[in-house]
Amino acid sequence: MDNRRGEREQATEERRRELLEAADRVVLRDGPGASMNAIAAEAGITKPILYRHFGDKGGLYRALAVRHTDALLAALRAALDAPTGRRERVEATLDTYLSAIEARPQVYRFLMHPADGGADVPERPASGEATERDFEVGRHSAPLLRRLGEELAQVIADRIDFGPGGAVIARAWGHGIVGMMHAAGDWWLHERPCSRAELVQSLADLLWGRLAAAADKAGGPGL
């Protein structure tokens, strides 16, 4: 019986992964205008099946956000762990974030910006879940940014010795750096006023003051 339950759970997880991949394809094509109708059609299923797996567009959004945030965090950690000098690692980390949003701007816009009214809006499902009209990206993107901030704060805390009160300082830095990358990246992606390399240099210069002088944490991986 446990084996059958395990097989069912595995099949459900595999189906969920396939649906997320279909959603990714639609988001890459339609950006923030991606709708549940289009995603269901791409997956070759009816919309009620999509609702059964994710509840509503908010549930689908959260699943996609976890998927892309996990990948981004892994890339950021790899940049921070590169065997180079601290300044180079800072620049590589900033570049990793900017290159990620540059490579998949439609995914970024879906995760961070509401549709401009172009998406079709379905009727409310019979089970009473929220419709796409009820979906507010800002309400969902804030937890995504907070998660990035907390994860980066932990990375910083593991690597830098701030002395007394270091945990709070690391969290302030983590959230501050994520906020800076998000705001600057959003502006840059929209206007393209300079090259990515130039923006990386400018942001690294902004961060470099105390970061250059801070000591590595004893026994930690260093930064």
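What counts and what doesn't
- Residues numbered from 1 in each chain as written.
- Predicted model: local features only at pLDDT ≥ 70, side-chain atom pairs only at ≥ 80, totals over all residues.
- Heavy atoms only, no water.
- Helix = DSSP H or I, 4+ residues; strand = E, 2+ residues; numbered from the N terminus.
- Buried < 20%, exposed > 50% of the residue type's maximum accessible area, 1.4 Å probe, protein only.
- Contact = heavy atoms within 4.5 Å.
- Areas by Shrake-Rupley, 256 points an atom, 1.4 Å probe, with all protein chains shown as cover.
- Phe/Tyr/Trp six-rings, centres within 6.5 Å; stacked < 30°, edge-to-face > 60°.
- Salt bridge = Lys/Arg side-chain N within 4 Å of Asp/Glu carboxyl O.
- Expected span 1.5 Å × (residues − 1).
- Core = buried A, V, L, I, M, F, W, Y, C linked by side-chain atoms within 4.5 Å.
- Polar contact = N/O pair within 3.5 Å; in protein donor to acceptor, adjacent residues only side chain to side chain.

Engineer: Quick rundown of the overall build of the protein? Include the residues and the values.
Structural biologist: A count of helical and extended segments in the protein gives nine helices and two strands. In sequence order, the secondary structure elements of the protein are arranged as α-α-α-α-α-α-α-β-α-α-β. Counting over 223 residues, the protein shows a buried share of 42%. Of the contacts formed within the protein by residues at least 6 apart in sequence, a portion of 71% connects residues at least 24 apart. Within the structure as shown, the protein displays about 11,700 Å² of accessible surface, and the carbon and sulfur contribution to it stands at 53%.

Engineer: Help me get a handle on the packing of aromatic side chains, residues and values and all.
Structural biologist: Scanning the entire structure with this criterion turns up two aromatic pairs. Arranged with centres 5.9 Å apart and planes meeting at 40 degrees, the rings of Y61 and F110 form a pair that is tilted. Separated by 49 residues along the polypeptide, Y61 in helix α4 (residues 57–80) and F110 in helix α6 (residues 105–112) bring together distant segments of the chain. Exposure class is identical for Y61 and F110. Each is buried. Judged by centre distance (4.9 Å) and plane angle (70 degrees), the rings of F162 and W173 are edge-to-face. One end of the pair, F162, is in the loop between β1 (160–161) and α8 (166–191); the other, W173, is in helix α8, and eleven residues separate them in sequence. Taking the relative accessible area as the measure of exposure, F162 reaches 10% and is therefore buried.

Engineer: Requested: an account of the pattern of salt bridges, with residues and values cited.
Structural biologist: One pass over the structure, following the stated rule, counts 17 salt bridges. For R147, the salt bridge identified is with D70, shortest N-O distance 2.5 Å. Here R147, found in helix α7 (residues 137–159), pairs with D70, found in helix α4; they are 77 residues apart in sequence, far enough to count as distant. Its relative accessible area of 36% is what places D70 among the partly exposed residues. Its salt-bridge partner being R171, residue E150 comes within 2.5 Å of it at the nearest N-O pair. Of this pair, E150 sits in helix α7 while R171 sits in helix α8, and the two are 21 residues apart along the sequence. Assessed through its relative accessible area of 33%, E150 is described here as partly exposed. Accessibility expressed as a relative area gives 46% for R171, which makes it partly exposed. In this structure, a network of salt bridges that share partners links the residues R25, R29, D30 and E42.

Engineer: Which residues make up α8, and what values go with them?
Structural biologist: Across its 26 residues, α8 extends 37 Å between first and last C-alpha, which sits within 8% of the 38 Å expected from 1.5 Å per residue. Count one or two residues on from α8 and you reach R192, which has phi positive near 50 degrees.

Engineer: Tell me what's going on with the nonpolar core, and back it up with residues and numbers.
Structural biologist: Counting 58 residues, the largest nonpolar core has L50, L60, L94, Y97, L111 and I156 as its most contacted members. Not counting residues within four places of it along the chain, the set of residues in contact with I156 comprises F162, A170, W173, G174 and I177.

Engineer: Before we move on, can you summarise the environment of R77 with the specific residues and values?
Structural biologist: By the secondary structure assignment, R77 is in helix α4. On a C-alpha basis, the gap between R77 and E151 in space is 9.7 Å, while along the polypeptide they are 74 residues apart. When sequence neighbours within four positions are dropped, the list of residues in contact with R77 reads E151 and V155. A distance of 2.7 Å separates polar atoms of two side chains, one belonging to R77 and the other to E151.

Engineer: Please set out the side chain of D24 residue by residue, giving values where relevant.
Structural biologist: Its location among the elements puts D24 in helix α1 (residues 2–30). Looking at D24, its side chain comes within polar contact range of the side chain of H68, at 2.7 Å.

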